[in-house]
2 protein chains.
Amino acid sequence: MHRTKVTIASDALDANTTIASANRSDFDREEVRVVNLMSSPGAGKTTLLERVLGGDALGELRAGVLEGDVQGSFDADRLALLHIPVTQLNTGNGFGGECHLDANMVRSALPSLPLADIDLLLVENVGNLVCPAEFRIGEDARAMVASVTEGVEKPLKYPLMFRACELVVINKIDLLPHLDLDVDRLVANVGQVNPEARCLLVSAKTGEGIDQFADWLAEVAGRVPTAA
Amino acid sequence: MHRTKVTIASDALDANTTIASANRSDFDREEVRVVNLMSSPGAGKTTLLERVLGGDALGELRAGVLEGDVQGSFDADRLALLHIPVTQLNTGNGFGGECHLDANMVRSALPSLPLADIDLLLVENVGNLVCPAEFRIGEDARAMVASVTEGVEKPLKYPLMFRACELVVINKIDLLPHLDLDVDRLVANVGQVNPEARCLLVSAKTGEGIDQFADWLAEVAGRVPTAA
């Protein structure tokens, strides 16, 4: 049973890579840059997106969101209030309730995405620190949100996720005075598993650090030639 | 590709059910009751176990822990300090880095578990709100930890997990004064997806509510006839 499962996973990952490349070509053709945003459930991805998309932090950059959830549209409904294009993708709806987005699911959502009208697509993945890291979806960059309430050892326990990301947004720093958490140790643990990762200390609640997150997004999107 | 994946999942779940029954028979023969403890990463499962196993809350009840992680033994090392039997099970070690425990993994750990010396086995699952709910492991009861920092809508977004559990431990209530969270609404949302679930308000940090959690564990273990 074990060997069978591993073989299936390997085949699925190969197929995923092929479809991710096709997605990437489509995004490139439309001059859209894509960020895959991952985290544990409740780390604050949606609030972070509300903060960075709700104000002027991104300037002229036109952003859209692809919202991944097992079911429901709670986060998409919140983001739609910002009057930006938001598309809901449910893994429970024809995809067996998967715990992550894969390239095929994102491909199925492409016709619903207004690619011609945006420069940057933020894909909010299903809340999970394991499987989302294994499936590329055709993104340009990967970021994760790690809440300070989750403890300092998460990079060491879920290294694949922390290694997969170029950016680690350490969120909820407004709660630090109320936690027994050494945030320097958390940053050091990120560095131990991924020395290349950039860490940002952020409070999506108070807005602290949001400008730095916006700068990073603009940097990712800055590779897009200005639309003619 | 989609239909193939669903078929595989269905076969895997059937096989899992068969192996879970075999585990259950082995646990029953040894008169050990088993709790499957699940949550998001960082919700506080290990701290909760430290609290309830480290004091006198469980009285004469002899408990052991099976610690599930993708890799590493951070939590098992913490719990081993309590001088209780702790067995580490890594899904990254021969099980493809799975995001959950399944019955076959638990079966592989049975020879390492001192079943004759314990009355209650607490299985700390991999931190994940999706897949662990789909795989029975031969347990008598399922409990989950939901941290108040994760927000009120998690029961509605991950209903399968909340429906799978008899007990929902709402943890980190010491942080409530610092959060914009209506804990009554969280409890109501649990009730909406699982009217049968019992909710306990707990702070593993301060110890508040730990006795009620201990009582619930004793209730689960109370079905065990006293060993001759």
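Residues numbered from 1 in each chain as written. Chains lettered and ligands numbered in written order. Predicted model: local features only at pLDDT ≥ 70, side-chain atom pairs only at ≥ 80, totals over all residues. Heavy atoms only, no water.

Q: Explain the relation of the copies chain B and chain A here, please?
A: The relation between the two chain copies is a rotation about an axis coupled with a shift along that axis. Superposing chain B onto chain A requires a rotation of 180° together with a translation of 0.0 Å along the rotation axis, leaving an RMSD of 0.0 Å. Such a turn and shift between the copies fits a two-fold axis. The residues that chain B uses at the interface reappear at the interface of chain A in 98% of cases, marking a shared surface. (Least-squares fit on C-alpha atoms with pLDDT ≥ 70 in both. Contact = heavy atoms within 4.5 Å.)

Q: What am I meant to see in the environment of Leu 110 of chain B here?
A: Residues and elements named next belong to chain B. Within the secondary structure, Leu 110 is located in the loop between α4 (103-109) and β4 (120-124). Judged by its relative accessible area of 10%, Leu 110 falls in the buried class. For Leu 110 and Leu 58, which are 52 residues apart along the polypeptide, the C-alpha to C-alpha distance reads 23 Å. Setting aside chain neighbours within four positions, we find Leu 110 in contact with Asn 23, Asp 26 and Phe 27. (Helix = DSSP H or I, 4+ residues; strand = E, 2+ residues; numbered from the N terminus. Buried < 20%, exposed > 50% of the residue type's maximum accessible area, 1.4 Å probe, protein only.)

Q: Where do I start with the packing of helix α2 (residues 45-54) of chain B against helix α8 (residues 210-222) of chain B in this structure?
A: When two helices pack together, their arrangement is given by the angle between their axes and by how far apart the axes lie. All names here are of chain B. One can describe the packing of α2 onto α8 by two numbers: an axis separation of 10 Å at closest approach and a directional angle of 80°. Taken together, α2 and α8 sit at an angle that is classed as roughly perpendicular. Across the interface between the two elements, Leu 48, Arg 51 and Val 52 of α2 pack against Ile 210, Phe 213, Ala 214 and Leu 217 of α8. Considering only residue class, the contact of α2 with α8 consists of six nonpolar, no polar and one charged. (Axes fitted to C-alpha atoms, helices over the stretch in contact; angles between N-to-C directions. Parallel < 35°, antiparallel > 145°, perpendicular 65-115°, else oblique. Nonpolar A, V, L, I, M, F, W, Y, C, P; charged D, E, K, R; others polar.)

Q: What's the story with the interface of chain B and chain A in this structure? I'm lost.
A: Interface extent is often summarised as the accessible area lost during association of the parts. At the interface, 43 residues of chain B touch 42 residues of chain A. Between chain B and chain A, roughly 3,600 Å² of surface is buried when both sides are summed, and carbon and sulfur atoms account for 60% of that area. Applying the counting criterion to the chain B and chain A interface returns six salt bridges. For Asp 75 of chain A, the salt bridge goes to Lys 157 of chain B, with nearest N and O atoms at 2.4 Å. For the interface between chain B and chain A, the tally reads twelve residue pairs in polar contact (both at pLDDT 80 or more). Listed by contribution, the elements that provide at least two residues to the side of chain B that touches chain A are α1 (2-29), α3 (74-80) and α5 (154-157) of chain B. No other element matches α1 of chain B, which puts six residues into the side of chain B that touches chain A. For the side of chain B that touches chain A, the class distribution of residues is 19 nonpolar, eleven polar and 13 charged. (Buried area = accessible area lost by both parts, 1.4 Å probe. Salt bridge = Lys/Arg side-chain N within 4 Å of Asp/Glu carboxyl O. Polar contact = N/O pair within 3.5 Å; in protein donor to acceptor, adjacent residues only side chain to side chain.)

Q: Before we go on, may I ask you to explain the nonpolar core in this structure?
A: Within soluble globular proteins, side chains that are nonpolar generally end up buried alongside one another. Within the largest apolar cluster, 92 residues are counted, with the highest numbers of intra-cluster contacts made by Leu 121 of chain A together with Leu 121 of chain B. When near neighbours in sequence (up to four residues on either side) are disregarded, Leu 121 of chain A contacts Phe 27, Val 32, Arg 33, Val 34, Val 35, Gly 64, Val 65, Leu 66 and Leu 113 of chain A. (Core = buried A, V, L, I, M, F, W, Y, C linked by side-chain atoms within 4.5 Å.)

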